[in-house]
Structures are given as C-alpha cells and as structure tokens.
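Overview (structure and organization)
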Amino acid sequence: MRVLKFLFVTLRIWKYQMLSDCKNVIGKPLLFHPLLLKGEGTILFGNKVQIGVVASPNFYSHYVYLEVRNKDSQIKIGNNVSINNGFSATAFSKIEIKDNVLIGVNCSIIDNDGHNLSIEDRHSGDPKSVAVYIFENVFIGDNVTILKGVTIGNNSVIGSDSIVTCNIPENVIAAGNPARVIRNL
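Residues numbered from 1 in each chain as written. Predicted model: local features only at pLDDT ≥ 70, side-chain atom pairs only at ≥ 80, totals over all residues. Heavy atoms only, no water.

**What to know about the sheet that holds strand 1 (residues 24-26)**
On the basis of which strands lie adjacent, the open sheet formed by 6 strands has the order 1-4-7-10-13-16 and parallel pairing. The sheet is open, and its two borders are formed by strand 1 and strand 16 (151-152), each paired with just one other strand. Relative to strand 10 (residues 94-97), strand 7 (residues 74-77) is paired through 4 bridges, and the arrangement is parallel. Bridge pairing in strand 10 places isoleucine 75 opposite isoleucine 95. (Pairing = 2+ DSSP bridges. Helix = DSSP H or I, 4+ residues; strand = E, 2+ residues; numbered from the N terminus.)

**Considerations on the pairing of strand 4 (residues 42-45)**
Residue alternation in strand 4 divides its side chains into two sets, Thr42 and Leu44 and Ile43 and Phe45, and both sets are buried. Examined bridge by bridge, strand 1 and strand 4 share 3 bridges and lie parallel to one another. Within strand 4, the position partnered with valine 25 by the bridge is isoleucine 43. In this sheet, strand 7 lies alongside strand 4 in parallel orientation, the contact comprising 4 bridges. Directly across from threonine 42, in strand 7, lies its bridge partner glutamine 74. (Buried < 20%, exposed > 50% of the residue type's maximum accessible area, 1.4 Å probe, protein only.)

**Re the layout of surface pockets**
Gaps between atoms show up when a probe of the same size as a water molecule is rolled over them. Roughly 240 Å³ of volume is contained in the largest pocket. Lining of the largest pocket is provided by 13 residues; of these, Lys5, Val9, Val54, Phe59 and Tyr60 occupy positions nearest its centre. Looking at the lining of the largest pocket, the element that brings in the most residues is helix 1 (residues 2-19), giving 7 residues. Here the lining of the largest pocket is composed, by residue class, of 11 nonpolar, 1 polar and 1 charged. If you add up the space inside the second largest pocket, you get close to 160 Å³. If you trace the second largest pocket, you find it lined by Gln17, Ser20, Val25, Gly27, Lys28, Pro29, Leu31, Leu35, Leu37 and Phe45. When the residues that make up the lining of the second largest pocket are grouped by side-chain class, the tally is 6 nonpolar, 3 polar and 1 charged. (1 Å grid on protein atoms, 1.4 Å probe; cavity = no way out; pocket = protein on both sides within 12 Å on 5 of 7 lines; lining within 4 Å. Points joined across faces, edges and corners; volume = space filled by probe spheres on them. Nonpolar A, V, L, I, M, F, W, Y, C, P; charged D, E, K, R; others polar.)

Written out as structure tokens, the structure reads:
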C-alpha cells in the first residue's frame, strides 16, 4: 500500500510542485492531492488548510489549480479550510476564503471575465475583475462555480451544480443556475 501511495499520490504532488511558478506563497497547506500554484501575485494559506480528499471523486486524476495572474493579485485562504479534488481559483484582483469553509469536488472561483467582453479587445485587453469573498463556515457543494464580484455570507450553503452570479446573504441555502436563496438556515 505504501508503494502504491508513493507511485500514485506522492509523485504527482511532487510533479505539480515542480510545475508551480508562483514565488509569493505564504503558509503551507496539508496536501493529499496535487496543487499547482501559478502567477505573479500572492497566495496565502492559513493554518490547517487541507487540499484534496482521499475518499472522494477525482482523487487520482485531477489537481487543484490556484492562479494569481498579476503582481497585485491575491488568493487568501483562512484557517481550517477543506478544499476537495478538482478545485480551481483564478484571481486577477482578489479571492478571499475565510475560516472553516468546506469546498466540494470540481468547484471553481473566478474573479474576472476571463477575456475582455468588447469585441475589439477580446484577444488583447484586460478583462474586468471584481473581488470575491467567501465568509466563515460556508459550505459549497460539488460542481459549483462562483463568478466575479460575489460575496457569500457567514454560515451559508451553496447547493451542488449551482452558478453563483450575485451576493448570497448569511445563514441561507442557495442553489440553482443562477443561484438564488431557497430557504433560511
């Protein structure tokens, strides 16, 4: 079993560490899953940040991707955060995940449009970016996408397969495409 873990987990973790080019990383997460850190900005990890879940889908096939595109870009992950397999976050400005957040399989957070929306600048211009904030004790289900400018309030739950396009208040369950509040907690 130790040999299999080394071959199928440890070597993959090392490979993605070698492929990472982000030089401004503060803190050290607990890695169960490969983690690729890209970009010129800063990535901050709090205490007890777990990357990957062994008993979960995509454990042997995916990796977690964090990108801080520009020098001023930042991804800040608080304490006691658990990030499941296949997660990605791309920050052109800022993504902040507060303490005690649970993130499901195949989730993504994007604080930008990816490309400029104007036709003339689509291939060359800077896309619009607005910070994303996920507050304490939030639970994000599997396959959730959170788009630019969103704030998710304390203790809220985002249902699986949701696309979050606007702010979600604290102490609610939200789900759907686009996500909307379906009930209070």
